[in-house]
Structure formats: C-alpha cells, structure tokens
Amino acid sequence: MIHEPRRADSNVAGGSDAGRRLSEGGLNLKPSGRVHVPDSLDAGSPGRAVGEASVADPVFSCRDVSVFYGAKQALKGVTIDVARRQVLAAIGPSGCGKSTFLRCLNRMNDTIPGARVTGTITLDGRDIYSKRQDVAQLRARIGMVFQKPNPFPKSIYDNVAYGPRIHKLTRSRTDLDELVFTSLARAGLWDEVKDRLGSLAIGLSGGQQQRLCIARALAVQPEVILMDEPCSALDPIATAHVEDLIEQLRASYAIVIVTHSMQQAARVSQRTAYFYMGQLIEVGDTDRVFTNPQHRLTEDYITGRFG
Amino acid sequence: MSSAEAFARHLAGQRLRERIFRASTLAAAILLLLLLGGVVVSLLHGAWPAFDRFRLAFITQDVWNPVTNRYGALSAIYGTVVTSVLAMILALPVSFGIAVFLTELAPPWLKRPVGVAIELLAAIPSIIFGIWGLFVLAPVLQESVEPWIDGHLGKLPLVGALFQGAPYGIGFLTAGIVLAIMIIPFISAVIRDVFDTVPDVLKESGYGLGATTWEVIWKVVVPYSRSGMIGGIMLGLGRALGETMAVTFVIGNAHQISASLLAPGTTISAAIANEFTEATTPLYTSSLIALGVLLFVITFAVIAAARLMLLRLGRRGLASV
Ligand SMILES: Nc1ncnc2c1ncn2[C@@H]1O[C@H](COP(=O)(O)OP(=O)(O)O)[C@@H](O)[C@H]1O
Ligand SMILES: [Mg+2]
C-alpha cells in the first residue's frame with residue numbers, strides 16, 4: 001500500500017490541509033518505523049500522492065502522467081502541479097524517475113526512440129502533448145540545465161547567443177550583445193568572463209561552465225527552468241554559487257530542480273516532491289515534508305533509512 | 001626430479017614461448033615496413049628513366065604519345081582530379097543525408113537495415129560497378145541525360161563550357177557518377193560514426209533551447225564533428241583518386257584535357273591499367289610507373305591529412321568524455 005501515511009504528530013498534521021484531507025479520507029494511520037516492503041508498492045493504485053499535489057494558478061499541471069521506455073514503465077501515474085515563482089525539488093533514490101519526470105515537462109523524452117508518455121501535461125493551461133504543439137517552440141519557453149556542464153564547443157559569447165540566434169530574438173548586433181550581457185549577468189558570470197567572451201567555453205571551470213549553461217538557457221527568455229542535478233559535478237563552492245543563483249532566479253521563474261541531495265532540496269526549494277520507483281509518493285511544502293513527512297516511505301528516505 | 005625443478009622448467013618453457021611469440025609479431029611488423037619500403041624503392045627505380053628524361057615536363061605537359069615516345073601526365077592528373085572532385089560533389093550531400101537520417105531521424109527498426117545496405121554497397125567489387133556503369137548507366141546518360149545537359153546547362157554563362165558537347169555516354173561525368181556511388185558507403189559510414197561521437201547531452205542542450213533537428217545538426221553536431229567529417233571525406237577522396245577498374249570501364253581512356261564533363265578522358269590509374277600490356281618501349285613502361293608514383297604521392301598526402309584530422313577528433317573526443 002503506498003497511500004499509507006505514517007503516524008503524524010497530531011497537532012501538526014491536523015493543522016495542515018493535507019492532514020485533514022487524509023483523516024477525512026478515512027485512511028489508516030499506522031505507527032511508523034516499519035521496514036518498508038517494496039513489493040507492496042505495485043499493489044497501490046497510482047496517481048494520488050500524499051500531500052498537496054495541486055496549487056492555485058500552476059505553470060505546469062501534470063495529471064496521471066506515465067512514461068514508458070519500450071516496455072519498461074519509468075513513471076507511474078504522476079499527478080502534480082508546478083507553481084509560479086517557486087522552486088520545486090524532485091528527490092528520491094537513483095532510478096526512481098526524477099529525470100524522466102523532468103524530461104516530460106519539455107518533451108525531451110520525444111528524442112528518445114521508443115519513449116511514450118501518457119496522461120496530460122499543461123503549460124499555462126495548454127496541453128503540451130497536443131498534436132498542434134510545436135515542440136521546438138515549447139522547448140524555447142522552457143530552459144533546461146543538465147547534470148554535467150555541457151557548453152557547446154563554441155566561444156562563451158556564441159554559447160549564450162545560440163538560442164537568441166536560432167529564434168531570431170534580436171534584431172541587431174547591439175541587441176544581441178545586450179541580451180548576452182543580461183543573461184551572463186543574471187547567471188552571475190559576467191564579471192568573470194567579460195574580458196574573454198571570444199574564448200572557448202571549454203576553458204572555463206566546471207562551475208563557470210554550469211553557470212554559462214544557465215545563462216544560455218536564460219538567453220532564450222524562458223518561463224520555466226528545469227535543472228537535472230545541476231550541482232552533482234561541482235565542488236562545494238561552485239555548488240553554493242549555483243544555489244545562490246537559483247534563489248535569485250526564483251523571483252522571476254518557476255524552477256524544477258532534480259537533486260539527489262536532500263540538503264540541497266531543503267536549502268533551495270519551497271516545495272518538494274518525493275519519487276520512489278516511478279511513483280510520486282509525497283509532495284508538499286519543503287519545510288513540512290522534511291520536518292513532518294506523512295508517508296512512511298518519505299520518512300524512511302529522509303531519515304536515511306534507505307536511499 | 002623434484003616438483004620445484006619441474007616448476008622451474010615449466011617457467012623456462014613459458015618464457016621461451018613468450019619470447020618466440022614476441023619475436024614473431026615483431027617480425028611481422030618489420031616485414032610490413034620492408035614491403036612498404038620495397039614498393040617505394042622499386043616504384044622510384046622503375047620511374048627513374050621517365051623522370052630523368054622529362055623532368056618537370058612529365059607533370060606539366062599534356063602529351064602522351066607512344067609513337068614519338070613523349071610522355072606528359074597532365075591529362076591523366078587532370079582526369080583524376082576532375083572525376084574525384086565531381087564524385088565528391090555528388091557523394092557529399094547524399095552521404096550527409098544518409099548519416100543524418102541514420103543518427104537522428106531513422107526509427108530504430110529502420111536503422112539496421114539501412115546500415116546493412118550501406119555496408120553491402122561497400123562490399124560490391126569495383127568491377128561490378130564498372131560493368132554496370134558501362135552497360136546500364138552509360139546508355140541512359142548518352143540517350144537522355146547528356147543531351148538534356150548539353151541543351152540546357154550548356155547555355156549557361158561562365159559554367160556552360162562544362163556541360164557542352166556530344167553525348168558519348170562515357171567520360172568524366174559517367175566516371176564521376178560511378179565513383180560517387182562507390183564512395184557514398186564509405187563517407188556516410190564515417191560521418192555516421194563521427195556523428196555518433198557527439199554526446200547526447202550536447203544535442204539535448206540544443207533541443208532544450210528550442211532548436212529543430214536541422215538546427216541541432218547544423219549548429220551543434222556539425223561544428224562538433226567538423227574535423228572528423230573532413231577526415232571521412234578525405235578518406236573517400238583517397239579511394240576515389242585510386243579507384244581503377246570501374247573508372248577504366250567508363251572514362252573513355254583518351255589522353256586529353258577538355259573543359260566539358262561530357263567528354264572522354266583518362267585518369268592515372270585507368271591509364272596504367274589500360275596501357276601496361278601495350279607498353280613496348282622501356283621509356284613507355286617507365287612513364288607508366290612514374291604515373292604510379294604520382295598517384296602514390298597524391299593519395300598518400302590525402303590519406304595522411306585525413307588520418308591527422310581523425311586523430312585530432314579522437315583526442316578531443318577523449319578529452320571531452
Ligand atoms: N533512455 C532510457 N531507456 C530505457 N530506460 C530508461 C531510459 N532512461 C531512463 N530509463 C529507466 O527509467 C528509470 C528512471 O530513470 P531516471 O528518470 O533517469 O531516474 P533518476 O533520474 O531518478 O535517477 C530507470 O529505471 C532507468 O533505468
Ligand atoms: Mg537522473
């Protein structure tokens with residue numbers, strides 16, 4: 001049974017919407033601390049996670065989203081909203097489907113032969129998997145930052161200018177210069193690279209490369225930024241840099257970040273979604289999820305019992 | 001005999017076998033170098049009388065006259081270059097398309113059959129291409145394609161001269177087409193392999209910025225794999241330059257330089273293959289060997305350049321993993 005919430009500290013759980021909903025649903029409250037049995041997962045009906053899956057006026061709204069790679073189902077009936085001007089962290093053990101979830105949101109899974117997505121995902125109320133949706137246009141509205149810094153084998157300037165150029169976002173060279181400047185500045189990289197915009201991006205340090213990739217994504221003027229373990233290849237100082245950056249970007253963008261570090265999720269996000277074996281187990285305010293997880297599996301993960 | 005002694009003898013035997021094994025592989029490697037050296041030396045030795053007699057004129061003069069015993073390789077060099085360049089121009093876009101299709105667009109179930117078909121095409125002996133070129137392609141070109149080219153493209157300003165003339169069916173154009181078909185498998189296989197070295201995550205960054213497949217290929221994949229692509233193209237060029245049998249069938253074997261692609265001509269390798277049995281005088285034979293030296297030098301330079309390019313790609317590929 002996956003919808004089995006753990007025993008919650010009654011005054012906290014009772015005070016939250018989720019807690020009330022759960023009690024009203026008449027679900028069993030059992031003592032926590034049992035060793036979890038993975039086999040029991042598949043018995044549950046997918047689609048309803050513990051916690052607060054929906055928000056008012058969401059950017060993304062995912063309903064019963066499943067993803068198959070060939071015959072293998074990597075995501076099982078995930079229903080979740082992504083709020084505006086907020087960071088949503090996706091956590092969970094390796095292979096649980098975090099990246100798969102992220103890659104649904106900009107249809108990056110389309111590039112994988114044999115991948116299939118079911119359910120509905122809307123961006124600002126529009127179905128992004130509808131036949132009429134232009135995939136390139138969709139992706140242009142969504143910035144993506146990957147695990148390993150992966151600048152193009154071009155100059156720093158050309159990396160940032162890549163998106164604006166293919167989408168013809170600027171009319172003149174001065175406009176383009178301006179956009180490159182603001183993007184690099186927003187990514188906190190301008191001061192470090194302003195004297196060598198023409199040199200190859202590969203020459204930058206790992207942390208600088210990752211911020212360059214963020215600048216490259218910002219240059220397309222996206223509404224949402226997706227980040228897949230953006231700091232896992234970075235040292236602690238570079239990581240702190242990127243986390244500060246995320247904190248600043250949150251003012252203007254919706255951000256979904258996949259991370260294997262619970263500390264990072266706690267530091268940078270306002271909402272946290274816990275995935276396990278392709279299912280969304282629990283989602284809610286980060287503070288609440290970390291201090292008072294309602295599902296036993298979430299608690300097991302957060303307290304380090306496994307994962 | 002104690003067991004320790006037996007073990008010591010066993011070890012000694014093992015060492016001996018190992019030494020023999022090493023020595024024989026070294027010998028094989030040295031043999032290869034000796035053979036290569038031998039080929040170069042005997043080529044130069046055989047070509048010496050011709051080079052000594054004609055000096056630079058051997059490569060600057062357009063005469064090939066067994067009656068007066070005067071030989072200049074210019075027409076053969078010209079034919080070699082023209083047919084190879086023509087083949088490259090025809091083969092490149094097709095190979096590029098095949099490689100793009102195979103790496104980016106083909107559904108998985110189609111990838112293998114197309115890949116295998118390309119390898120099969122590469123396995124067809126060149127004489128088959130020659131026969132096909134002469135008996136199937138040449139008549140078609142002569143009856144329908146070349147008259148059209150002459151009538152339409154021949155009237156163009158500046159480049160018109162390339163397309164004028166009587167339709168023989170055999171000549172530079174036919175040789176170029178046959179060569180193109182022969183090198184397409186090579187070039188597309190190399191380009192495909194080079195494209196495969198582009199990290200997925202780099203392509204995904206392109207897609208993630210909203211690039212179309214075309215934009216990802218043109219602005220991410222091609223720049224990343226440029227030197228590898230040039231290497232592959234040069235390998236194909238090396239093959240086209242040296243190809244003998246198929247070209248001999250369809251080039252027309254005329255020692256002449258003409259502006260028109262429809263005219264017959266000859267190439268270095270076709271001339272050698274055609275005329276070696278007829279070479280009656282020592283100078284004639286020596287001139288043909290000298291042609292061989294020229295081809296050796298040209299092909300060696302092209303292939304060395306190609307290897308260098310691929311090497312550079314390999315190094316960068318490793319560095320970026
Ligand atoms: N391209 C793919 N083809 C087949 N299976 C895949 C592919 N990508 C991911 N998977 C599988 O889907 C599951 C979820 O993967 P992923 O979303 O990458 O997990 P996470 O990012 O949480 O580590 C894993 O079991 C993984 O093996
Ligand atoms: Mg992942």
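Residues numbered from 1 in each chain as written. Chains lettered and ligands numbered in written order. Predicted model: local features only at pLDDT ≥ 70, side-chain atom pairs only at ≥ 80, totals over all residues. Heavy atoms only, no water.

Chemist: Explain the overall build of chain B to me, and be specific about the residues and the numbers.
Modeler: Along chain B, the regular secondary structure elements total 12 helices and two strands. Listing the helices and strands of chain B from first to last along the sequence gives α-α-β-β-α-α-α-α-α-α-α-α-α-α. Scaling as 2.2 N^0.38, a compact globule of 321 residues should have a C-alpha radius of gyration of about 20 Å, whereas chain B reaches 25 Å, well beyond that. Expressed along its principal axes, the backbone C-alpha trace of chain B runs to roughly 90 × 65 × 35 Å. Within chain B, the fraction of its 321 residues that count as buried is 42%. When contacts within chain B are restricted to residue pairs at least 6 apart in sequence, those whose partners lie at least 24 apart make up 75%. Roughly 16,600 Å² of accessible area belongs to chain B as shown, and the carbon and sulfur atoms make up 72% of that amount. The averaged location of the 17 negative side-chain charges in chain B is 12 Å from the averaged location of its 20 positive side-chain charges. (Helix = DSSP H or I, 4+ residues; strand = E, 2+ residues; numbered from the N terminus. Rg over C-alpha atoms; globule rule 2.2 N^0.38 Å. Buried < 20%, exposed > 50% of the residue type's maximum accessible area, 1.4 Å probe, protein only. Contact = heavy atoms within 4.5 Å. Areas by Shrake-Rupley, 256 points an atom, 1.4 Å probe, with all protein chains shown as cover. Lys, Arg positive; Asp, Glu negative; His and termini not counted. Charge placed at Lys NZ, Arg CZ, Asp CG, Glu CD.)

Chemist: Explain the environment of B:Arg192 to me, and be specific about the residues and the numbers.
Modeler: Residues and elements named next belong to chain B. Among the structural elements, Arg-192 can be located in helix α6 (residues 172–196). Exposure remark for Arg-192: the relative accessible area of 19% places this residue in the buried category. Apart from residues lying up to four places away in sequence, Arg-192 is in contact with Ala-99, Leu-102, Thr-103, Gly-115 and Glu-119.

Chemist: An account of the pairing of strand β8 (residues 224–228) of chain A is requested, with residue identities and associated values reported.
Modeler: Residues and elements named next belong to chain A. Where burial is concerned, most of β8 is hidden: five out of the five residues are buried. Alternating residues of β8 divide into Val-224, Leu-226 and Asp-228 and Ile-225 and Met-227, and every residue in both groups is buried. Pairing of strand β7 (residues 142–145) with β8 involves four bridges; the strand directions are parallel. Bridge assignment links Ile-142 to a residue of β8, and that residue is Val-224. (Pairing = 2+ DSSP bridges.)

Chemist: Any chance you could break down the nonpolar core for me, citing the residues and the numbers?
Modeler: A:Phe60, A:Ile80, A:Phe101, A:Phe275 and B:Phe195 are the most contacted members of the largest nonpolar core, which has 91 residues in total. Broken down by element, the residue count for this core peaks at 12 residues, all from α6(B). One finds A:Ala215, A:Ala219, A:Ile246 and A:Val268 within the second-largest nonpolar core, a separate group that totals 45 residues. (Core = buried A, V, L, I, M, F, W, Y, C linked by side-chain atoms within 4.5 Å.)

Chemist: So what about the confidence of the model for chain B? Which residues, and what values?
Modeler: All names here are of chain B. Of all residues in chain B, 97% attain a pLDDT of 70 or more, and the chain-wide mean is 90. Below a pLDDT of 50 lies the segment residues 317–321, which in the model reaches three contacts outside its immediate sequence neighbourhood of four places, other chains included. Listed scores for the predicted complex are pTM 0.75 and ipTM 0.77. (pLDDT = per-residue confidence, 0-100.)

Chemist: For unusual backbone geometry, give the residues involved together with the corresponding values.
Modeler: All names here are of chain A. Although it is not a glycine, Asp-64 adopts a positive phi angle of roughly 55°. Structurally, the position occupied by Asp-64 is in strand β2 (residues 60–69). Even without glycine at this site, Arg-85 takes up a positive phi of about 45°. With respect to the helices, strands and loops of the structure, Arg-85 is situated in the loop between β3 (72–82) and β4 (87–91).

Chemist: Give a description of the side chain of A:Glu282 that names residues and reports values.
Modeler: All names here are of chain A. Tracing the chain through its elements places Glu-282 in strand β11 (residues 279–285). Only 2.5 Å separates the side chain of Glu-282 from the side chain of Arg-288, close enough to count as a polar contact. When near neighbours in sequence (up to four residues on either side) are disregarded, Glu-282 contacts Ala-49, Val-50, Thr-272, Ala-273, Tyr-274, Arg-288, Val-289, Pro-293, Gln-294, His-295 and Thr-298. (Polar contact = N/O pair within 3.5 Å; in protein donor to acceptor, adjacent residues only side chain to side chain.)

Chemist: Talk me through the sheet that holds β3(A); I want residue IDs and the actual numbers.
Modeler: Residues and elements named next belong to chain A. Ordered by their spatial adjacency, four strands build an open sheet running β3-β2-β5-β6, and the pairing between neighbours is antiparallel. Edge strands, defined here as strands with exactly one partner in the open sheet, are β3 and β6 (126–127). Helix-sheet contacts for helix α3 (residues 98–105) involve β2, β3 and β5 (115–123), and the interaxial angle to β2 is about 120°. (Axes fitted to C-alpha atoms, helices over the stretch in contact; angles between N-to-C directions.)

Chemist: Account for the interface of chain B and chain A, with residues named and values stated.
Modeler: How big an interface is tends to be expressed through the accessible area that disappears when the partners come together. On the chain A side, the residues contacting the 20 residues of chain B number 21 residues. Buried surface at the junction of chain B and chain A, summed over both partners, amounts to about 1,700 Å²; 67% is from carbon and sulfur atoms. Inspection of the chain B/chain A interface yields one salt bridge. Across the salt bridge formed by B:Glu204 and A:Arg103, the nearest N and O atoms sit 2.8 Å from each other. Those elements that place two or more of their residues in the side of chain B that touches chain A are α7 (200–208) and α8 (213–224) of chain B. When residues in the side of chain B that touches chain A are grouped by element, the largest group, seven residues, is from α7(B). Each residue belonging to the side of chain B that touches chain A can be placed in one class, and the counts come to 11 nonpolar, six polar and three charged. (Buried area = accessible area lost by both parts, 1.4 Å probe. Salt bridge = Lys/Arg side-chain N within 4 Å of Asp/Glu carboxyl O. Nonpolar A, V, L, I, M, F, W, Y, C, P; charged D, E, K, R; others polar.)

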